[in-house]
Amino acid sequence: MDIDFKKSPDGLVPAVIQDAATLRVLMLGYMNQEALDKTLQEKKVTFYSRSKQRLWTKGEESGNFLLLQDVKPDCDNDTLLIKANPVGPVCHTGADTCWDEQNVSNDFLAKLESVITDRKNNPSEKSYTASLFAKGINKIAQKVGEEAVEVVIEAKDDNETLFLNEAADLLFHYLVLLNAKGYRLSNVLNVLKERHK
């Protein structure tokens, strides 16, 4: 990737951040070569902060990281499009985007993944999801297995309500397992897309 950082007198290029799952534009930041290199190496989006005059990894204080999925330069090699998976709200105001959009996506699975991430990062005693994370990966994996068996059992009967409820339980616990392993559904979809080729 050959980015022309010299086009701007300050050596910075705009970086448009897009949600890898929903394709919503989340924020705009600026990068220099060092910020891009760190982003590619650590897989967490890092900017050059014009106000702080230093490298700044999104989420370094809040824990709301942007996990890198893809980087593409534009046709002039002076702007970056970065696809990332957000861990929690992107804007410092608590909004999902820096344009004050909250939960505007029609992709319910992406919303659900954000809720699961929030429960992991901000656990509460009342949260079932947080209790699963507290029990560890073995318990989460075991729960996925249990739910899969229940789906198989209900598939043999003709009770639509029970089958769909068990299928929903399986999908939810599968998303929790993916999150616990550091992945999102988009990572699995990428594998399927590669196989489809």
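Residues numbered from 1 in each chain as written. Predicted model: local features only at pLDDT ≥ 70, side-chain atom pairs only at ≥ 80, totals over all residues. Heavy atoms only, no water.

Turning to the nonpolar core, a few remarks are in order. Ranked by size, the top nonpolar core spans 22 residues in total, and within it Ile-17, Met-31, Val-45, Phe-47, Leu-66, Leu-80 and Ile-82 carry the most contacts. Mapped onto this core, the elements with two or more residues apiece are β1 (13–19), β2 (25–31), α1 (33–42), β3 (46–49), β5 (66–73) and β6 (80–86). If we skip the residues at most four places from it in the chain, Leu-66 touches Ile-17, Leu-26, Met-27, Lys-43, Lys-44, Val-45, Phe-47, Lys-58, Ala-84, Asn-85, Pro-86 and Val-90. Of all hydrophobic cores here, the second largest spans 12 residues; its members include Phe-133, Phe-172, Leu-178 and Leu-185. (Core = buried A, V, L, I, M, F, W, Y, C linked by side-chain atoms within 4.5 Å. Buried < 20%, exposed > 50% of the residue type's maximum accessible area, 1.4 Å probe, protein only. Helix = DSSP H or I, 4+ residues; strand = E, 2+ residues; numbered from the N terminus. Contact = heavy atoms within 4.5 Å.)

Next up on the list: the pairing of strand β4 (residues 54–57). Bridge analysis of β3 against β4 gives four bridges, and the strand direction is antiparallel. The residue bridging Tyr-48 from the neighbouring strand is Leu-55, located in β4. (Pairing = 2+ DSSP bridges.)

Another aspect to go through is the packing of helix α2 (residues 108–121) against helix α5 (residues 160–180). A pair of packed helices is characterised by two quantities: the angle between their axes and the separation of those axes. Running from N to C, α2 and α5 cross one another at 55 degrees; their axes reach a closest spacing of 10 Å. Judged by the inter-axis angle, α2 sits oblique to α5. Both α2 and α5 take part in a crossing whose hand is right-handed. Here Leu-109, Leu-112, Glu-113, Ile-116, Thr-117 and Lys-120 of α2 lie close against α5, whose contacting residues are Leu-171, Phe-172, Leu-175, Val-176 and Asn-179. (Axes fitted to C-alpha atoms, helices over the stretch in contact; angles between N-to-C directions. Parallel < 35°, antiparallel > 145°, perpendicular 65-115°, else oblique. Left-handed = near helix turned anticlockwise from the far one by under 90°.)

As enumerated under the stated definition, the model contains seven salt bridges in all. The residue Asp-78 makes a salt bridge to Lys-7 at a minimum N-O spacing of 3.4 Å. Of this pair, Asp-78 sits in the loop between β5 and β6 while Lys-7 sits in the segment before β1, and the two are 71 residues apart along the sequence. Across the pair Asp-118 and Arg-119 runs a salt bridge, and its minimum N-O distance is 3.5 Å. Judged by its relative accessible area of 29%, Asp-118 is partly exposed. One salt-bridge network, held together by shared partners, links Lys-143, Glu-146 and Glu-147. (Salt bridge = Lys/Arg side-chain N within 4 Å of Asp/Glu carboxyl O.)

Along the chain, Glu-146 turns up in helix α4 (residues 137–155). Assessed through its relative accessible area of 30%, Glu-146 is described here as partly exposed. Note: C-alpha distance between Glu-146 and Leu-36 (110 residues apart in sequence) is 43 Å.

Bringing unusual backbone geometry into the picture now. One non-glycine residue, Gln-53, lies in the positive phi region at around 55 degrees. Take Gln-53: it is sitting in the loop between β3 and β4. Classification of Gln-53 as exposed rests on a relative accessible area of 54%. One non-glycine residue, Asn-77, lies in the positive phi region at around 60 degrees.

A word on the packing of α4 against α5. Here α4 crosses α5 at 160 degrees, and the two axes come no closer than 8 Å. On the basis of their axis angle, the class for α4 and α5 is roughly antiparallel. Handedness of the crossing formed by α4 with α5: left-handed. Here Ile-137, Ile-140, Ala-141, Lys-143, Val-144, Glu-147, Ala-148, Glu-150, Val-151, Glu-154 and Ala-155 of α4 come into contact with α5, specifically with Leu-162, Phe-163, Glu-166, Ala-167, Asp-169, Leu-170, His-173, Tyr-174, Val-176, Leu-177 and Ala-180. Its residues assigned to classes, the contact of α4 with α5 comprises 15 nonpolar, one polar and six charged. (Nonpolar A, V, L, I, M, F, W, Y, C, P; charged D, E, K, R; others polar.)

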